[in-house]
Amino acid sequence: MERERRARQAEARRWRELPLAARAAGGISVFPLTLEATELRSRGRVNAVLRAHTPLDAFTPGDAVTLAPLGRPDEGWNGRIDGVDESTLEVRVDDVPEGTGPWCVSRRLD
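A brief structural summary. What you see is a predicted model; the values in this text were computed from it and never measured. (Residues numbered from 1 in each chain as written. Predicted model: local features only at pLDDT ≥ 70, side-chain atom pairs only at ≥ 80, totals over all residues. Heavy atoms only, no water.)

### Looking at the sheet that holds strand S4 (residues 77-84)
Heads up, the rule is: Strand pairing is assigned whenever DSSP detects at least two bridges linking the two strands. Numbered from the N terminus, helices here are DSSP runs of H or I no shorter than four residues, and strands are runs of E no shorter than two. Lines fitted to C-alpha atoms define the axes, with helix axes restricted to the stretch in contact, and inter-axis angles between N-to-C directions lie between 0 and 180 degrees.
Around the barrel, which closes on itself, the six strands sit in the order S1-S2-S5-S4-S3-S6 with antiparallel pairing between neighbours. Each neighbouring strand pair of the sheet contributes to a mean axis angle of 45°, computed without reference to strand direction.

### Topic: the pairing of strand S3 (residues 64-69)
Where we set the bar: Each residue gets one of three labels from its accessible area relative to the maximum for its type: buried under 20%, exposed over 50%, partly exposed in between, using a 1.4 Å probe on protein chains only.
Within S3, six of the six residues are buried, which leaves it mostly tucked inside the rest of the structure. For S3 and S4, the ladder comprises four bridges, and the chain directions are antiparallel. Across the sheet, the residue bridging to Leu67 is Trp77, located in S4.

### Quick notes on the pairing of S4
Regular strands place their side chains on alternate faces of the sheet. The sheet contact formed by S4 and strand S5 (residues 88-93) spans five bridges and is antiparallel. Within S5, the residue paired with Gly79 across the bridge is Val93.

And the structure:
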């Protein structure tokens with residue numbers, strides 16, 4: 001298990017070292033996103049509703065992600081994809097995201 005944990009950490013480091021455009025090409029990140037709404041959900045959780053300008057076929061409900069300002073794609077709110085369609089992502093996070101955007105959503109390794 002320790003070897004698997006170290007391998008996942010190394011993979012996450014490789015992802016973070018990639019330029020954002022390469023992350024997007026590899027289906028790891030999507031940007032730019034516009035925050036359209038935040039909705040309070042049960043247990044104090046928040047769904048952030050984001051609109052994309054490109055198809056969102058790389059993400060599915062349940063994916064572990066980070067929602068972050070585009071200028072700091074690795075410094076944001078950890079959450080999960082709650083819903084997705086052609087151009088809209090719903091990301092469930094613990095707090096209302098702060099900032100004006102644009103936004104980036106990136107996969108994270110659990």
